[in-house]
Structures are given as C-alpha cells and as structure tokens.
Amino acid sequence: MHFDTTSVSVYGDYRPPEDQPDQQGQAVPFPITHGYSKDKRPDLKQFVFSTLCVDRAVPRWGKPHDGHASDKTVNNTLLSDIATFLAPHGVAPGASIYVADAALVTEETLAALGDPLFITRLPATYTECGRLIAAAVAHNTWKDVGVLAHTKPTTHRPATS
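Please read these numbers as outputs of a predicted model, since none were measured by experiment.

Undergrad: Just checking my understanding: could you explain the overall build of the protein for this structure?
TA: Helix and strand counts for the protein come out as three helices and five strands. If you list the helices and strands of the protein from N to C, you get β-β-β-α-β-α-β-α. Residue burial in the protein is summarised as follows: out of 161 residues, 25% are buried. Summed over its atoms, the accessible surface of the protein is roughly 11400 Å², and 57% of this surface lies on carbon and sulfur atoms.

Put into structure tokens, the structure is as follows:
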C-alpha cells in the first residue's frame, strides 16, 4: 500500500450552494480554502486529496480534505482506521506494508500505527538522520540490491537501485 496527499489549487470563489449552510455550518463536504501552497501560489484556494493505492498506484480509497489539512494529521486519521478499511478486502492485520513519506514520523502517528509494518524515510529534521547518513558514507560498504522501481529509466531519471 502507498498513501499520500496532494494539494489541488483551484480558481474562483467556490461558494456553497444557497440551500447549504456556509463553512461555519459545516454542511459543505470539505472547505476550499487558502492554505500552505506547495505550488508557491498563496493567492489560490486549494483542497487536499488523499489516496491509498496498491499494486503500482491503483487507487483503492480517496478522500478530499480542507485546504489546511496537514499530511501528519491525515496520516494519523487513516492509520487509526486502516485495519477496518482493509478487512473487507481480505487483508488481515499485519499482512500489509504501509509505505509513506516522512510525514508518517510523528509520535502521535507512530503510536496510532500499532501492528502494521511500514517503510518511510527518517525526516531530515531529526538530528539522528544526519548522523546516520554520515556514518553510512564513512562506512562505505554498500550492497547492490538491484532495481527498486518498475518505472522505465530515462536520460534525466535513472532507475532507482
């Protein structure tokens, strides 16, 4: 499994229909708001969309979120429900590997994770990250494990190995 979020910038006013309450009434499915723009466009409104994918990016679940939604918060929410979500698909607890970006590494999210196996990158904001990189480079005993991605390499993007 792979879970990630992406922000989607939109243009226009995006007001709720007249027969629905405004954002204070929370009848709107998800607010489209000004948020932290990964596109460096704070002038545009946005929403965040999260997806859970399997088998080389086949989406199995997705959900829109408020334009202010944080990857760390959305990760934590999904992880608390992941076993319930996967059970109807025949996936037993602990029978999957969760792949996530560095936003997974928070005390709250790791506590919510429980039994599932996971792969992530240690955030560079942790002092231990720099120390481990320096130790690996100094040790200089690398093992070739082969190609790690099924994506065809290009001139500007070599195969991951």
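Undergrad: Explanation requested: a nonpolar patch on the surface in the structure shown.
TA: A surface patch of nonpolar side chains, amounting to about 330 Å² of accessible area, comprises Ile97, Val99, Leu117 and Ile119. When contributions to the nonpolar patch are tallied by element, the ones reaching two or more residues are β4 (97-99) and β5 (117-119). Inspection of the secondary structure puts Leu117 in strand β5. Among the residues examined, Leu117 registers a relative accessible area of 48% and is labelled partly exposed.

Undergrad: Help me understand helix α3 (residues 127-139) in this model?
TA: The α-helix advances 3.6 residues per turn, and as a result positions three or four apart in sequence lie on the same side. Between the first and last C-alpha of α3 there are 19 Å, a value that for 13 residues agrees with the 18 Å anticipated at 1.5 Å per step. Looking at the residues trailing α3, positive phi occurs at Asn140, about 50°.

Undergrad: What am I meant to see in the environment of Tyr126 here?
TA: Locating Tyr126 in the fold gives a position in the loop between β5 and α3. A distance of 3.4 Å separates the side chain of Tyr126 from the backbone oxygen of Val105, its partner in a polar contact.

Rules of the game
- Residues numbered from 1 in each chain as written.
- Predicted model: local features only at pLDDT ≥ 70, side-chain atom pairs only at ≥ 80, totals over all residues.
- Heavy atoms only, no water.
- Helix = DSSP H or I, 4+ residues; strand = E, 2+ residues; numbered from the N terminus.
- Buried < 20%, exposed > 50% of the residue type's maximum accessible area, 1.4 Å probe, protein only.
- Areas by Shrake-Rupley, 256 points an atom, 1.4 Å probe, with all protein chains shown as cover.
- Patch = residues over 30% accessible without salt bridge, like charges linked within 9 Å, V, L, I, M, F, W, Y side chains within 5 Å.
- Salt bridge = Lys/Arg side-chain N within 4 Å of Asp/Glu carboxyl O.
- Expected span 1.5 Å × (residues − 1).
- Polar contact = N/O pair within 3.5 Å; in protein donor to acceptor, adjacent residues only side chain to side chain.

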